[in-house]
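Tertiary structure, described
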Amino acid sequence: MSNFQYQGENLTCENLEIDSITRDLETPFYCYSSKKIRDNINKYKNNLKNSNSKICFALKANSNIELIKIIAQQGLGADVVSMGEFQKALKAGISGKDIVFSGVGKTQKEIEFAIKNHCFQINAESLSEIKKINEIAQNLNIKQNIGIRINPDVKPETHSKITTGSIENKFGIPISEVKNLFNQSNLFENLNFNGLAFHIGSQIMKLEPFEEACKITNQLVKEIENNDFKIKTIDVGGGIGIDDDEEFQFENYFNLIDLYFAKKDRMIIFEPGRTIIGNTALLISKILYIKETEDKIFVVIDAGMNDFMRPALYGAVHDILPILKSSSIEKKTIEIVGPICETSDKFLTSDNFQNVNEGDFIAISNAGAYGSSMSSNYNIRPNIAEVLVNDKKFSIIRKRQSLEDLINQ
Ligand SMILES: *Cc1c(COP(=O)(O)O)cnc(C)c1O
């Protein structure tokens, strides 16, 4: 979290004291560091110097248009999973030629929109979908690139709700059927069978599952190319995890992809979400009430699971930092909870948190990915504000939603 450091007792974002933002802005809110976004992107770029590749940011991780604009300015494309995300990517300045359309249930309207907007590649997940894309492309008289999303059947060690590349998951086409699909590809006159795509899950910290997926895919590539087809793109998905205590071996990851797939006339597509935006934000919240029971202290904050769903949904653990640091530690276990009427509305349990007081502010770390984009209006709570810090100044990039909008629906 190098862009979020303590200076003295003050937690800062790019040298701006977060405490000073809380004086101007109602909590809770998301606070992003623009420098951190650029740093994360450079990590990809620096590792990809020599290969023919495309980095497509997975918009579902965060779809704030001002953030997508920054990402677009750095030259990234987009990986989208709906027409709304497609439109947002376009609006942020990403060309259709740099957009990959993923997802297991694209509608007719969405496919039409993608084809009309020159989508670089639609990743298809079933024979029925391939037929549908061909039919729509035929009606529009366009030849459309598709990728075949395969299910490599690997089981990454991550939360069971975020594995996607195991055969019991709904995603992708089983390996055993893919060769046959390529053999039938001439039946689909309006499609270019561009290549293969996989995405095995999310928040994966180990290299091995990626290596396994690469191995399996590489074997398939060889078999398909032996049948005189050319695999022009390999889409390796996203899925790399972030963890303050553990470094993901980026360099080895890129070497791995290079080793298995780099080839003249072949493009490698990366679809990172979390690794671009996850560690760029804090969720700032205020302590409303402190409620002491016999064996613990409940700390009720003003952010809830509707604002940040990952702990409730996946049991994700996010560190929580005080905005103003002190050296005295609470004697009891504290449990930091939200205001929502659900027992799962709980953020963290800690045995060594500093002394807490009502009115103090805290920051939930690594909240940039799947935070804002997954938030809801549950309990009729408005979407919270988002601010972007750039060079010691902050600007509001999403205003807090007004209650009027909500209560009239
Ligand atoms: C969600 C998703 C991604 C991004 O995953 P991260 O874990 O955020 O990197 C990439 N590709 C596809 C197809 C996805 O569904």
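In what follows, the accompanying structure is described. All values reported here derive from a predicted model rather than from experimental measurement. (Residues numbered from 1 in each chain as written. Predicted model: local features only at pLDDT ≥ 70, side-chain atom pairs only at ≥ 80, totals over all residues. Heavy atoms only, no water.)

Some points on the packing of helix 7 (residues 175-183) against helix 8 (residues 208-226)
Short version of the rule: For every element, the axis is a line fit to its C-alpha atoms; helices are fit only across the contacting stretch, and the angle between N-to-C directions ranges from 0 to 180 degrees. Only runs of H or I of at least four residues qualify as helices and only runs of E of at least two qualify as strands under DSSP, and these elements are numbered from the N terminus. Orientation is classified from the angle alone, with under 35 degrees giving roughly parallel, over 145 giving roughly antiparallel, 65 to 115 giving roughly perpendicular, and any other angle giving oblique. Should the near helix be turned anticlockwise from the far one by less than a right angle, the crossing is left-handed, and should it be turned clockwise, the crossing is right-handed. Residue contacts follow a heavy-atom distance rule, with two residues in contact if any of their heavy atoms lie within 4.5 Å.
Running from N to C, helix 7 and helix 8 point in directions that differ by 25°, and their axes come no closer than 10 Å. By the angle class used here, helix 7 and helix 8 are roughly parallel. Pair helix 7 / helix 8 crosses with right-handed handedness. When helix 7 is examined against helix 8, the residues Ile175, Val178, Lys179 and Phe182 are found in contact with a partner set consisting of Ile216, Leu220, Glu223 and Ile224.

A look at unusual backbone geometry
Put simply, the rule is: Summary of the burial criterion: residues with accessible area below 20% of their type's maximum are buried, those above 50% are exposed, and those between are partly exposed, where the area comes from a 1.4 Å probe applied to protein chains only.
Along the chain, Thr27 connects to Pro28 via a cis peptide bond; the corresponding omega equals -10°. By secondary structure assignment, the location of Pro28 is in the loop between helix 1 (18-24) and strand 4 (29-33). Phi at Glu14 is positive, roughly 45°, even though this residue is not glycine. Checked against the element boundaries, Glu14 lands in the loop between strand 2 (10-13) and strand 3 (16-17). With a relative accessible area of 11%, Glu14 lands in the buried category.

What to know about the pattern of salt bridges
As a reminder of what qualifies: In what follows, salt bridge is the name for a side-chain nitrogen of Lys or Arg lying within 4 Å of a carboxyl oxygen of Asp or Glu.
Counted by the stated rule, this structure contains 16 salt bridges. For Glu223, the salt bridge identified is with Lys179, shortest N-O distance 3.1 Å. Taken together, the positions of Glu223 in helix 8 and Lys179 in helix 7 put the pair 44 residues apart, joining distant regions of the chain. One network of salt bridges, with partners in common, ties together Glu225, Lys263 and Arg266.

What about the site of the ligand?
Basically, it comes down to this: Proximity is defined per residue: if any heavy atom of the residue lies within 4 Å of a molecule or strand, that residue is considered near it. Every accessible area reported is derived by Shrake-Rupley at a probe size of 1.4 Å, with residue values counting cover from the shown protein chains alone. Throughout, the ten residues Ala, Val, Leu, Ile, Met, Phe, Trp, Tyr, Cys and Pro are labelled nonpolar, Asp, Glu, Lys and Arg are labelled charged, and all others, Gly among them, are labelled polar.
The environment of the ligand is formed by 14 residues, the closest being Lys60, Ser202, Glu271, Arg274 and Tyr370. Look at the ligand: alone it shows 390 Å² of surface, and the protein chains cover 93% of it. When the residues that make up the shell around the ligand are grouped by side-chain class, the tally is 3 nonpolar, 6 polar and 5 charged.

Observations concerning the side chain of Ser33
Cut-off, in case you're wondering: For this analysis, a polar contact is any N or O atom pair within 3.5 Å, provided that within protein one partner can donate a hydrogen and the other can accept it, and provided that sequence-adjacent residues contribute only side-chain to side-chain pairs.
Position of Ser33 among the secondary structure elements: in strand 4. Engagement of the side chain of Ser33 in a polar contact is seen with the side chain of Glu14, the distance being 2.7 Å.

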